[in-house]
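Residue-level structural notes
Residues per chain, in single letters:
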Amino acid sequence: MRNIAIFASGTGTNAERIISYFQAGNTARVRLILCNKSTAGVVERAKKYGIECQIFSPAELKETSLVLDWLEEYEIDYIVLAGFLLLLPSVIIDRYGDRIVNIHPSLLPKFGGKGMYGERVHAAVIEAGESRSGITIHHVNGQLDEGAVIFQAEVPVLPGDTPETLAARIHELEYTHYPRIIEQEILKIQ
Ligand code: GRF
């Protein structure tokens, strides 16, 4: 049984889907939620499932070994980013290598990088007149949204779409694929 840590900054709907997916199986379990905001929705969701949650500041993440120490203490094998808005420091990336995964709500390399998060991504896709958008699940390499792509899936951008309606369609795609792709990647760990 592998131990997963999820880093999240926001609502945590993906984190919740991942927690319940792994509670139903025996490949891995979500052992820890790591969050940089004590008021984030993900903190309440973690509580509901009895998952431990640790809160840290951006400075603690960047300048201290606090988070790395938790990863060791909780014997974390695999790191999942699910709406995490800070960059992971290189000590964590070096330690975990390709055992870190992120999801981005566009077809990278399009609509990724600085400032491209949340509904801003969907607003930019609509503004650019794209006919397709989707999700990208990728490894994490220290550059925002640039790690090797593991999986992509598409949805249409429909006439009359708003950032909210497109976000809802993309969230459904995330819930369908992210937990199973994480499991597939965890099964590759030696
Ligand atoms: C998702 O759309 C994900 O692709 C992006 O951040 C969003 C997180 O949403 N990285 P939620 O907090 O899981 O609802």
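Model, not experiment: these values are computed from the prediction.

Regarding the sheet that holds strand β3 (residues 52-55)
Picture the strands of a sheet paired through backbone hydrogen bonds; they go either parallel or antiparallel. Strand order in the open sheet made by the 7 strands is β3-β2-β1-β4-β5-β6-β7, with mixed pairing throughout. Two strands close off the open sheet at either side, each with one partner strand: β3 and β7 (149-156). For this sheet, the mean inter-axis angle between neighbouring strands, taken without regard to orientation, is 20°. Of the strand pairs in this sheet, strand β1 (residues 2-8) and strand β4 (residues 78-81) are connected by 4 bridges, and their pairing is parallel. Across the sheet, residue alanine 5 finds its bridge partner in β4, namely isoleucine 79. Sheet contacts for helix α4 (residues 66-73): β1, β2 (28-35), β3 and β4; angle to β2, the most-contacted strand, approximately 160°. Most of the contacts of helix α7 (residues 163-186) go to β7, to which it runs at about 155°, and overall it touches β1, β2, β4, β5 (100-104), β6 (132-139) and β7.

A word on the site of the ligand
Close to the ligand lie Thr11, Gly12, Thr13, Asn14, Gly83, Ile103, His104, Pro105, His171 and Glu174, which account for all nearby residues. With respect to the ligand, the backbone of glycine 12 contributes an N or O atom lying 2.8 Å from an oxygen atom. Between an oxygen atom of the ligand and a side-chain N or O atom of threonine 13, the distance comes to 2.5 Å. Within the complex, 84% of the 370 Å² of free accessible area of the ligand lies under protein. Those elements that provide at least two residues to the shell around the ligand are α1 (13-23), β5 and α7. Split into classes, the residues belonging to the shell around the ligand amount to 2 nonpolar, 7 polar and 1 charged.

Calculation criteria
Residues numbered from 1 in each chain as written. Predicted model: local features only at pLDDT ≥ 70, side-chain atom pairs only at ≥ 80, totals over all residues. Heavy atoms only, no water. Pairing = 2+ DSSP bridges. Helix = DSSP H or I, 4+ residues; strand = E, 2+ residues; numbered from the N terminus. Axes fitted to C-alpha atoms, helices over the stretch in contact; angles between N-to-C directions. Contact = heavy atoms within 4.5 Å. Near = heavy atom within 4 Å. Polar contact = N/O pair within 3.5 Å; in protein donor to acceptor, adjacent residues only side chain to side chain. Areas by Shrake-Rupley, 256 points an atom, 1.4 Å probe, with all protein chains shown as cover. Nonpolar A, V, L, I, M, F, W, Y, C, P; charged D, E, K, R; others polar.

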